[in-house]
Amino acid sequence: MPSKRLSVVVTRRLPEVVETRLSELFDVTLRSDDTPMTRGELVDAVQSADVLVPTVTDQIDAGLIGQAGERLKLIANYGAGFDHIDVSTARSRGILVSYTPGVVTEDTADMVLALMLGVTRRLQEGISVMQKGDWSGYAPTALLGGRLGGKRLGILGMGRIGQAVARRAQAFGMQIHYHNRRRLRPEVEEPLEATWWESLDQMVARMDMISVNCPSTPSTYHLLNARRLKLMKPSSVIVNTSRGEVIDENALTRMLKAGELAGAGLDVYEHGIQGNPELRDMPNVVMLPHMGSATYEGRVEMGEKVIINVKTFADGHRPPDQVVPSML
């Protein structure tokens with residue numbers, strides 16, 4: 001009966017097809033404009049809803065969860081990460097948390113390769129020349145970049161996305177290396193022709209490129225700190241499509257300015273959404289506005305996962321993509 005439908009609050013605009021399906025299944029409150037909710041609006045949402053559907057732009061911290069009403073029983077995150085949600089506090093309040101793993105894998109891996117090419121082939125500089133009308137014609141030594149083929153790629157975090165990056169890098173003729181908490185099973189590692197490094201220090205010191213693909217956790221905060229960045233070769237490039245907090249951005253900026261690194265491709269930032277302002281003026285840095293998962297197909301699939309998680313919960317079962325303590 002309609003009166004028994006779950007009350008669901010969605011904090012951001014979602015693809016229309018996703019919003020339509022949510023409206024068909026639940027008593028849903030949709031966002032009228034594509035701006036983040038204020039703190040007050042989030043408080044109202046957690047006090048009135050059975051299910052909250054937030055995104056990475058919403059800080060669902062202990063203070064907010066502490067103000068939740070008795071009705072709130074599920075936080076169904078629209079996104080593959082959940083570090084913006086205090087999962088432990090939610091669990092202590094009897095609130096389940098789900099997320100949408102897997103759907104951004106291929107899109108994010110595509111963007112890693114795009115950033116690698118963008119930096120090594122100096123695409124930003126070339127685009128700037130053309131936009132300014134400064135191109136005077138072909139010259140044999142103009143805007144010389146480097147090849148990906150033959151380069152050593154070190155992947156930090158060899159989960160779904162890391163493995164998808166490895167498969168693409170293989171096609172470019174790159175040598176695959178990785179650092180992970182655990183070594184991959186032989187049946188996964190061998191087709192990728194990947195070399196596992198138990199020591200992150202030793203790996204970063206020998207790579208031509210580093211791709212950051214690990215999640216943001218307390219143990220990965222500043223995993224690439226100033227000391228570890230100093231181990232990298234001056235000719236190396238770093239790409240981050242994971243979370244900004246994994247890299248000490250100020251240390252990275254200083255090294256790029258000093259010529260101690262060849263370049264960087266960044267889709268995420270440690271401090272806010274703009275990144276260090278000094279990075280914007282560097283021709284060897286490609287900066288994107290968190291576009292790694294920004295495909296229509298991916299965002300719709302993400303919404304479909306949210307719907308499955310909420311519908312399964314509504315039917316009295318555990319959401320298939322529930323965040324469990326072993327993941328924290």
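Every value quoted in this text rests on a predicted model; they were computed, and no experiment measured them.

About the cut-offs
Residues numbered from 1 in each chain as written. Predicted model: local features only at pLDDT ≥ 70, side-chain atom pairs only at ≥ 80, totals over all residues. Heavy atoms only, no water. Helix = DSSP H or I, 4+ residues; strand = E, 2+ residues; numbered from the N terminus. Rg over C-alpha atoms; globule rule 2.2 N^0.38 Å. Buried < 20%, exposed > 50% of the residue type's maximum accessible area, 1.4 Å probe, protein only. Contact = heavy atoms within 4.5 Å. Pairing = 2+ DSSP bridges. Right-handed = clockwise from strand over helix to strand, strands pointing away. UniProt positions renumbered as here; feature names shortened; annotations may be inferred. 1 Å grid on protein atoms, 1.4 Å probe; cavity = no way out; pocket = protein on both sides within 12 Å on 5 of 7 lines; lining within 4 Å. Points joined across faces, edges and corners; volume = space filled by probe spheres on them. Nonpolar A, V, L, I, M, F, W, Y, C, P; charged D, E, K, R; others polar. Axes fitted to C-alpha atoms, helices over the stretch in contact; angles between N-to-C directions. Expected span 1.5 Å × (residues − 1). Salt bridge = Lys/Arg side-chain N within 4 Å of Asp/Glu carboxyl O.

Peer 1: Explanation requested: the overall build of the chain in the structure shown.
Peer 2: A tally of regular secondary structure across the chain gives twelve helices and twelve strands. Rg of the C-alpha trace for the chain: 22 Å, near the compact-globule value of 20 Å for 328 residues, within the 12% margin. The dimensions of the chain, computed from C-alpha atoms along their principal axes, are 70 × 50 × 35 Å. Burial analysis of the chain (328 residues in total) assigns 50% to the buried set. Residue pairs in contact within the chain that sit at least 24 positions apart in sequence constitute 60% of those at least 6 positions apart.

Peer 1: Teacher, can you tell me more about the environment of Gly 69 here?
Peer 2: Its location among the elements puts Gly 69 in the loop between helix H3 (62-66) and strand S4 (74-76). A relative accessible area of 17% means that Gly 69 is categorised as buried. Spatially, the C-alpha atom of Gly 69 lies 33 Å from that of Tyr 269, the residues being 200 residues apart in sequence.

Peer 1: Help me understand the pairing of strand S1 (residues 7-10) in this model?
Peer 2: The alternating pattern of S1 places Ser 7 and Val 9 on one face and Val 8 and Val 10 on the opposite face, and all of these are buried. As judged from the three bridges shared by S1 and strand S2 (residues 27-29), these two strands associate in the parallel manner. In the sheet register, Ser 7 faces S2, and the bridge partner there is Asp 27. Handedness of the S1-helix H1 (residues 16-25)-S2 crossover: right-handed. Looking at chain direction, S1 and strand S3 (residues 51-53) are connected through three bridges and run parallel. Along S3, the bridge assignment pairs Val 10 with Val 53.

Peer 1: Would you mind going over the UniProt feature "domain: D-isomer specific 2-hydroxyacid dehydrogenase catalytic" (unreviewed entry) in the chain with me for this structure?
Peer 2: In the UniProt entry, the feature "domain: D-isomer specific 2-hydroxyacid dehydrogenase catalytic" (unreviewed entry) is given for residues 8-323. For residues 8-323, helix accounts for 36% and strand for 14%, while the C-alpha atoms at its two ends are 19 Å apart.

Peer 1: Teacher, can you tell me more about empty space enclosed by the protein here?
Peer 2: Sizing a probe to match a water molecule and rolling it over the atoms shows the empty space that remains. Counted according to the given criterion, the structure contains one cavity of 30 Å³ or more. There is about 40 Å³ of room inside the largest cavity. Taken together, Asn 240, Gly 244, Ile 247, Glu 249, Leu 252, Leu 266, Val 268, Tyr 269 and Glu 270 form the lining of the largest cavity. Taken together, the residues that form the lining of the largest cavity break down as five nonpolar, two polar and two charged.

Peer 1: It is not clear to me how the sheet that holds strand S8 (residues 194-196) should be interpreted in this structure. Could you clarify?
Peer 2: What holds strands together in a sheet is hydrogen bonding between their backbones, with the strands either parallel or antiparallel. A sheet is described by the order of its strands in space; here seven strands give the open sequence S8-S7-S6-S9-S10-S11-S12, paired in parallel fashion. Edge positions in the open sheet fall to S8 and strand S12 (285-287), since each of these has one partner strand only. Ignoring strand direction, the axes of neighbouring strands in this sheet form an average angle of 15°. Of the strand pairs in this sheet, strand S6 (residues 152-156) and strand S9 (residues 209-212) are connected by four bridges, and their pairing is parallel. Bridge pairing in S9 places Leu 156 opposite Val 212.

Peer 1: How should I be thinking about helix H5 (residues 105-120) in this particular structure?
Peer 2: Helical geometry note: an α-helix holds 3.6 residues per turn, so side chains three or four residues apart project in the same direction. For H5, spanning 16 residues, the distance from its first C-alpha to its last is 23 Å, which sits close to the expected 22 Å at 1.5 Å a residue. Summarising burial for H5: twelve of the 16 residues are buried, a large majority. Along H5, the residues that are buried comprise Thr 105, Asp 107, Thr 108, Ala 109, Met 111, Val 112, Leu 113, Leu 115, Met 116, Gly 118, Val 119 and Thr 120. Following H5 by one or two positions, Arg 122 has its phi on the positive side, about 60°.

Peer 1: Where do I start with the pairing of S9 in this structure?
Peer 2: The side chains of a regular strand alternate between both faces of the sheet. Here S9 shows two buried faces, one formed by Met 209 and Ser 211 and the other by Ile 210 and Val 212. Where S9 meets strand S10 (residues 237-240), four bridges bridge the pair, whose relative direction is parallel. Within S10, the residue paired with Ile 210 across the bridge is Ile 238.

Peer 1: Would you mind showing me how to read the pattern of salt bridges here?
Peer 2: Oppositely charged side chains are able to pair whenever their charged atoms sit close together. The full count for this structure, using the stated rule, is 21 salt bridges. Among the ionic pairs, Glu 187 bridges to Arg 185, the shortest N-O distance being 2.8 Å. We note that Glu 187, like Arg 185, is exposed. Of the charged contacts in the structure, one is a salt bridge between Lys 257 and Glu 278, with a shortest N-O distance of 2.6 Å. Of this pair, Lys 257 sits in helix H11 (residues 249-257) while Glu 278 sits in the loop between strand S11 (263-266) and S12, and the two are 21 residues apart along the sequence. Using a relative accessible area of 37% as the deciding quantity, one classes Glu 278 as partly exposed. One connected set of salt bridges, linked through shared partners, spans Glu 106, Asp 110, Arg 167 and Arg 168.

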